[in-house]
Amino acid sequence: MNGPKPEWYDKLKSGPFTRKTFTMDDIYGIEQKAAESAPGGRLRKLTIPKRRRTLPVLAAVLLCLAAAAFLFRGELAPAVTKAWPGIVKPTEPPQATVPPLQDSKSYSYLKGDTYSLSGPDETSSYGSDPFLVSSDHPVKIRDRKNGFIQVNNDRWIPEWFVLKESDKPLESTELNEFLKERPVVNVSPYYMTVKGSLNFSLYPGEEKPSGFLLKQGRVVKVIREYENWLCVRVMYTDGLEYSGDVWVPKSELTVYDPSKAREGLLKSRAIATDSTGQTVYVTEGSPVMIEDLSENKYTFTAFRDIKGTLFKSDFLPNPFEGKDQVPQVDYQWHFSKKESFEQFDVFTKNRTDDQLKGLEPIDIFRFYVTASEKGDWETVYALLIKGSDYATPSREEYLADMGRETDADKQAKQKWDALRKDYTLYQEISGDSAYIVMTKRGSGSPEDKQAFSLTRNKAGIWKVSWLPMQ
């Protein structure tokens, strides 16, 4: 007891009151008033023997101790806890347990996260953003139809995802443990390839897979797992991502190998034909499916009905990752309208100046580039300015010179591909002269500019100058 005293000790010695209370005079006063109120009137002054004074004094001390305990209870508790650890046991918060999976209000927990659809009869959500229904919280079931349930935001998911009472014992399971042990597990995304063509399922074990066909070589991104099933993300052939769940048996997928992937993007523009047999161009970044894998060239399909060929070096496997590798090409390099391309197609058949009337210098430039990449030197020559005032050679001389150039079309394509990749375009017109100015992307130096020159002839038609880039 000779150790340091707590703060309340000195306060208790001086008492909780600023003056002394319950003295002998106070006791006498109380007794006097009691006697006066009793029958017979007054009470003589008593002299209390010392042995009888001990009881009221003891009562006063006990009263003081009770008052001190009441006034200093906030300071007393920490002191007791500090002096005698373990006496005051902190209360533990109650652990949350899983409520019934389905209660009277039709709220249910799910086996895992899932993307919802717009209707109970839908097998796809083309062109819309995915709506993820989280399994962290119970969902309210608003309706049931055709094996689907309507949940939050009036969206629909397969009823397979609703947990039943038989799926898991619930009596003593803590909620956080329950959420960790949900059957459908989210995983860090990774890529795989479809081993053989198959229709996907909307949920694991769907009796008859109702999803669309996934062809051999399709690249998929795995996002969830359930037993021997994988939930994956897939891309449409127009570059949009499917926004519903896609479930495939794990056995139907193989490890992703870029060299064997048949789905990807175009690195460079490619020539193709549509369903009517018309020649079209498929631009950089377009998603394609490879139909035939040869050594140097691939046969591909794009936008469902367009077919063409491309060099192996112009194919970027994996549409999910290829977007970052597609060169950012200035749209000015390409025909801006379908009508312009159709005009070019007509011009290649007749090659008369009348078909060029009303076209801008940039349009004639596109005609020239397209024809040279195809090796159509007759069309290229038809675009050149003619007349005694210019140094343009005769048609025969020009075609003879181009015939002596081996792989002239490939060289032209490589040249224009390199310029498209690094240069942006704009046209300058001054009188009867015009220039297609090519500026290297990100550079302001005059040395990083090139110009393609055109001249307006006497009929008011823009033609390409002889040796236009010198």
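Parameters and conventions
- Residues numbered from 1 in each chain as written.
- Predicted model: local features only at pLDDT ≥ 70, side-chain atom pairs only at ≥ 80, totals over all residues.
- Heavy atoms only, no water.
- Axes fitted to C-alpha atoms, helices over the stretch in contact; angles between N-to-C directions.
- Helix = DSSP H or I, 4+ residues; strand = E, 2+ residues; numbered from the N terminus.
- Parallel < 35°, antiparallel > 145°, perpendicular 65-115°, else oblique.
- Contact = heavy atoms within 4.5 Å.
- Nonpolar A, V, L, I, M, F, W, Y, C, P; charged D, E, K, R; others polar.
- Salt bridge = Lys/Arg side-chain N within 4 Å of Asp/Glu carboxyl O.
- pLDDT = per-residue confidence, 0-100.
- Pairing = 2+ DSSP bridges.

K.L.:
Mind showing me how you'd approach the packing of helix 8 (residues 361-374) against helix 11 (residues 408-422) here?
P.N.:
When two helices pack together, you describe them by how their axes are tilted relative to each other and by the distance separating the axes. Relative orientation of the contacting elements helix 8 and helix 11 amounts to 135 degrees, with a least axis distance of 7 Å. By the criterion of interaxial angle, the relationship of helix 8 to helix 11 is oblique. Contact with helix 8, carried on its side by Phe365, Tyr368, Val369, Ser372, Glu373 and Lys374, involves Asp409, Ala412, Lys413, Trp416, Asp417 and Arg420 of helix 11 and no other residues of that element. Looking at the contact of helix 8 with helix 11 residue by residue, the classes come out as five nonpolar, one polar and six charged.

K.L.:
Can you help me understand the pattern of salt bridges in this one?
P.N.:
If the charged atoms of two oppositely charged side chains come close together, the side chains can form a pair. By the definition in use, this model includes 19 salt bridges. Salt-bridge contacts for Asp314 lead to Lys413; the nearest nitrogen and oxygen are separated by 4.0 Å. Here Asp314 is found in the loop between strand 20 (306-311) and strand 21 (315-317), whereas its partner Lys413 is found in helix 11, with 99 residues between them in sequence. A single salt-bridge network, built from bridges that share partners, covers Asp314, Glu373, Lys413, Asp417 and Arg420.

K.L.:
How should the confidence of the model for the chain be read in this particular structure?
P.N.:
Low pLDDT means the predicted coordinates in that region are not meant to be read closely. Per-residue confidence for the chain gives a mean pLDDT of 78; residues scoring 70 or more make up 70%. Below pLDDT 50 for its whole length, residues 70-89 participates in seven contacts with residues either more than four positions away or in separate chains.

K.L.:
Looking at this structure, how should I read the sheet that holds strand 13 (residues 246-249)?
P.N.:
Hydrogen bonds between backbone atoms are what pair the strands of a sheet, whose relative direction is either parallel or antiparallel. If you walk across this open sheet you meet the five strands as 13-12-11-8-14, and the pairing is antiparallel. Single-partner strands in this sheet number two, and they are strand 13 and strand 14 (253-255). Adjacent strand axes in the sheet meet at a mean angle of 55 degrees when their direction is disregarded. When strand 12 (residues 229-233) meets strand 13, the two strands line up antiparallel, connected through four bridges. Residue pairing for strand 13: Val232 is matched across the bridge by Val246.

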